[in-house]
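# A structural walkthrough
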Amino acid sequence: MLHHRLITQLLLAAAVAVSSGSAWAERQSLASIALQAESFIAAYPYESPYPPGFELASLDPRLQLKPCSHDLKINFTRADRIMGNTSLTISCENPVNWQIHLPVRVDIFDDVLVSKTPLVKGQLIDANNVKLKKMKVSSLFNGYFREIVALTGLQAKRNLARNSILTSANLQPRKLVRSGQRVIIVLNLKGLEVKSSGQALQSASLGQLIKVKNTQSNKIVEGVVTADGQITVGH
């Protein structure tokens, strides 16, 4: 009797195991989902000389998804959020339809221009006071510079400590004209260039429109800053 009961229990256990194994065989492998998600991020064309760092959220082990007969379709859930805290939309379209969202953190690294030495307000930026430094840029919301040529003509907007990340928020174009400064007014009229002296009524950088007083006629005119101490009217 005991022997018969033991055999019955073993048969039931085997049936449960077979049923369980069948259920597991009929679901999409969570490991394969994670692997394909990792491959997607690793191959994404980030504009960086360094590979991305990333961390996927854990998939719920209770997740029951029908097996997909081909590679999963993977994209960032939001096209404008491909780094930092974001998520992937992962789906299968054949032979079954399902879709999940997988949270992920993506860290992108790049060579960023920072101040090599402390900078004072108004100091001109050049190759001698900046350097490139590898940094995580996925959290640099004010942007950054990668090429020294992009800093040509820029100056510190305020005092900056050593190793400060240089951005459009802390740099500004150098003032080529200061309010009250004596300037040269260049009048372009049908190919004829006439020069006169004047006094700037505003401070401005290259390309900016300002008002200037012609000291010969006492008239106030508007012109564009085209060079250091030079205003062009009719430009």
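Before going into details, it helps to say that this report is about the structure given with it. (Residues numbered from 1 in each chain as written. Predicted model: local features only at pLDDT ≥ 70, side-chain atom pairs only at ≥ 80, totals over all residues. Heavy atoms only, no water.)

## What to know about the sheet that holds strand β11 (residues 192-200)
- Spatially, 5 strands are ordered β10-β11-β13-β14-β15 in a closed barrel, and the strand pairing comes out mixed. Averaged over all pairs of adjacent strands, the angle between their axes in this sheet comes to 55 degrees, without regard to strand direction.
- As paired elements, strand β10 (residues 182-189) and strand β15 (residues 230-233) share 4 bridges and run parallel to each other. Each bridged residue has a counterpart across the sheet, and for I185 the counterpart in β15 is I231. (Pairing = 2+ DSSP bridges. Helix = DSSP H or I, 4+ residues; strand = E, 2+ residues; numbered from the N terminus. Axes fitted to C-alpha atoms, helices over the stretch in contact; angles between N-to-C directions.)

## A few points about the pattern of salt bridges
- Following the criterion strictly, the structure yields 7 salt bridges and no others.
- D60 is the partner of R62 in a salt bridge, and the nearest nitrogen-oxygen pair spans 2.9 Å.
- With a relative accessible area of 68%, R62 lands in the exposed category.
- Judged by relative accessible area, D60 falls into the partly exposed class, the value being 33%.
- E93 serves as the salt-bridge partner of K73, at 3.7 Å between the closest nitrogen and oxygen. Residue K73 is found in strand β2 (residues 73-76), and its partner E93 is found in the loop between β3 (84-92) and β4 (98-107); the two are separated by 20 residues along the sequence.
- Owing to a relative accessible area of 45%, K73 belongs among the partly exposed residues under this scheme.
- Because the salt bridges share partners, they merge into one network encompassing E47, D110 and R146. (Salt bridge = Lys/Arg side-chain N within 4 Å of Asp/Glu carboxyl O. Buried < 20%, exposed > 50% of the residue type's maximum accessible area, 1.4 Å probe, protein only.)

## Focus: the sheet that holds β3
- Pairing in this open sheet of 4 strands is antiparallel, and the strands run β1-β4-β3-β2 from one edge to the other. Two strands bound the open sheet, and with one partner strand each, they are β1 (53-56) and β2. Within this sheet the neighbouring strands show an average axis-to-axis angle of 30 degrees, counted without direction.
- Sheet topology places β2 next to β3; 4 bridges connect them, and they run antiparallel. Bridge pairing in β3 places F76 opposite L88.
- The sheet strands contacting helix α2 (residues 30-43) are β1, β2, β3 and β4, and the helix crosses β1 at an angle near 155 degrees. (Contact = heavy atoms within 4.5 Å.)

Without other data, these values stay purely geometric and don't point to any function.
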